[in-house]
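Coordinate analysis (summary)
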Amino acid sequence: MTDVTGAPGDVLHTLFHSDQGGHEQVVLCQDRASGLKAVIAIHSTALGPALGGTRFYPYASEKEAVADALNLSRGMSYKNAMAGLDHGGGKAVIIGDPEKIKSEELLLAYGRFVASLGGRYVTACDVGTYVADMDIVARECRWTTGRSPSSGGAGDSSVLTAFGVFQGMRASAQHLWGDPTLRGRKVGVAGVGKVGHYLVEHLLSDGAEVVITDVREESVRRITDEHPEVAVAADTAALIRTEGLDIYAPCALGGALNDDTVPVLTARLVCGAANNQLAHPGIEKDLADRSILYAPDYVVNAGGVIQVADELHGFDFDRCKAKASKIFDTTLAIFARAKDDGIPPAAAADRIAEQRMAEARRS
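First things first, this report covers the structure right here in the doc.

Thresholds applied
Residues numbered from 1 in each chain as written. Predicted model: local features only at pLDDT ≥ 70, side-chain atom pairs only at ≥ 80, totals over all residues. Heavy atoms only, no water. Buried < 20%, exposed > 50% of the residue type's maximum accessible area, 1.4 Å probe, protein only. Helix = DSSP H or I, 4+ residues; strand = E, 2+ residues; numbered from the N terminus. Pairing = 2+ DSSP bridges. Right-handed = clockwise from strand over helix to strand, strands pointing away. Phe/Tyr/Trp six-rings, centres within 6.5 Å; stacked < 30°, edge-to-face > 60°. Lys NZ or Arg CZ within 6 Å of the ring centre and 35° of its normal.

**Section: the pairing of strand β5 (residues 88–95)**
In terms of residue burial, β5 counts as a mostly covered element, since eight of its eight residues are buried. The side-chain alternation of β5 yields two buried faces, one formed by Gly88, Gly90, Ala92 and Ile94 and the other by Gly89, Lys91, Val93 and Ile95. Where strand β2 (residues 36–44) and β5 come together, six bridges link them in antiparallel fashion. Paired with Ala38 across the strands is Ile94, a residue of β5. Pairing of strand β4 (residues 54–57) with β5 involves four bridges; the strand directions are parallel. Counterpart to Phe56 in the pairing with β5 is Ile94. Crossover handedness for the path β4 to helix α2 (residues 62–82) to β5: right-handed.

**With respect to the packing of aromatic side chains**
In total, this model carries three aromatic pairs according to the counting rule given. Seen in terms of ring centroids, Tyr57 and Tyr59 are 5.1 Å apart; in terms of plane orientation they differ by 70 degrees. Their pairing is edge-to-face. Tyr57 gets classed as partly exposed once you look at its relative accessible area, which sits at 29%. On the basis of an interplanar angle of 70 degrees and a centroid distance of 6.4 Å, the ring pair of Phe315 and Phe317 is categorised as edge-to-face. Given the relative accessible area of 34%, Phe317 is considered partly exposed. Lying across the ring of Trp177, Arg185 places its NZ or CZ 3.9 Å from the centre. The aromatic ring of Tyr130 is capped on one face by Lys194, whose charged end is 4.4 Å from the ring centroid.

**Looking at the pairing of strand β10 (residues 247–250)**
Going residue by residue along β10, you find Ile247 and Ala249 tucked away on one face and Tyr248 and Pro250 tucked away on the opposite face as well. Here four bridges tie strand β7 (residues 186–190) to β10, and the two strands are oriented parallel to one another. Residue pairing for β10: Val187 is matched across the bridge by Ile247. Where β10 meets strand β11 (residues 269–270), two bridges bridge the pair, whose relative direction is parallel.

Listed below in structure tokens is the structure:
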């Protein structure tokens with residue numbers, strides 16, 4: 001069934017009635033000349049303008065793209081709240097294979113759509129978009145972050161994203177094993193592209209034993225050429241079954257923790273950079289039942305958004321790194337709240353974030 005706009009009825013139901021709904025605004029964007037088809041989802045502006053990246057991905061359907069935009073933007077509201085930022089949550093997705101259809105014309109058209117929102121949504125990089133892309137978008141839209149230093153931006157936010165994940169992992173190790181060092185721990189990293197390869201560097205520097213996998217052979221080779229001591233798993237299915245694995249770090253796309261992967265996961269701790277790692281709410285209980293500690297993804301991967309938010313006020317790397325370092329303390333506070341309330345860590349993080357957003361709405 002469709003309505004008069006031609007939008008599938010189940011998409012509209014998701015927007016207005018489902019648990020994934022509750023968004024303030026969802027904008028469908030199309031520019032026929034450039035081939036642009038995009039969805040901009042603003043979940044909340046309670047804490048300030050919605051902030052979140054632009055994902056460029058070949059979705060199987062428009063329904064899948066809308067669902068991803070809704071889930072990701074909601075996650076950004078919670079991430080920004082937990083990071084202590086004065087920003088709400090938003091996210092955009094561009095539908096299509098970036099290697100085939102990305103063009104200057106398309107990115108400029110996208111920038112005009114973002115600009116039309118008048119600052120309610122501030123965009124940045126995500127999967128499939130890069131600093132050079134944001135430089136182009138910024139030519140049409142001043143509400144663009146993640147730009148190159150030569151264009152007045154902060155550059156690649158992956159550096160601080162990885163640093164924040166590393167701090168969250170150290171805090172998780174402190175909680176689980178009583179020591180924040182990762183020395184001697186075997187860590188499996190799934191996805192060693194933008195963020196994952198920086199995370200590997202932190203892990204090796206701290207003395208961890210690292211196993212990696214990635215669908216892109218060149219990403220794996222970039223690491224093994226420089227660090228031949230790093231082991232390689234054939235795929236994620238093999239990685240999560242690695243004997244003696246202490247920590248699993250999902251650093252690719254979402255849904256890494258699901259009904260198929262959790263039962264066979266050998267690690268005691270999950271802490272990674274990927275967004276929306278839990279395939280559905282019941283997964284965290286499954287992790288708890290197996291005594292696997294889960295560090296909420298939107299808490300530990302907030303280093304990047306801390307950086308792009310700072311760019312709006314005159315970027316200072318040392319200031320951002322100091323803020324990202326606090327992810328260590330935030331992660332420990334979530335574990336303490338989870339223990340006190342008798343709930344899983346993700347639920348504890350949600351409660352803290354929701355409390356901050358509710359207080360902002362009342363003020």
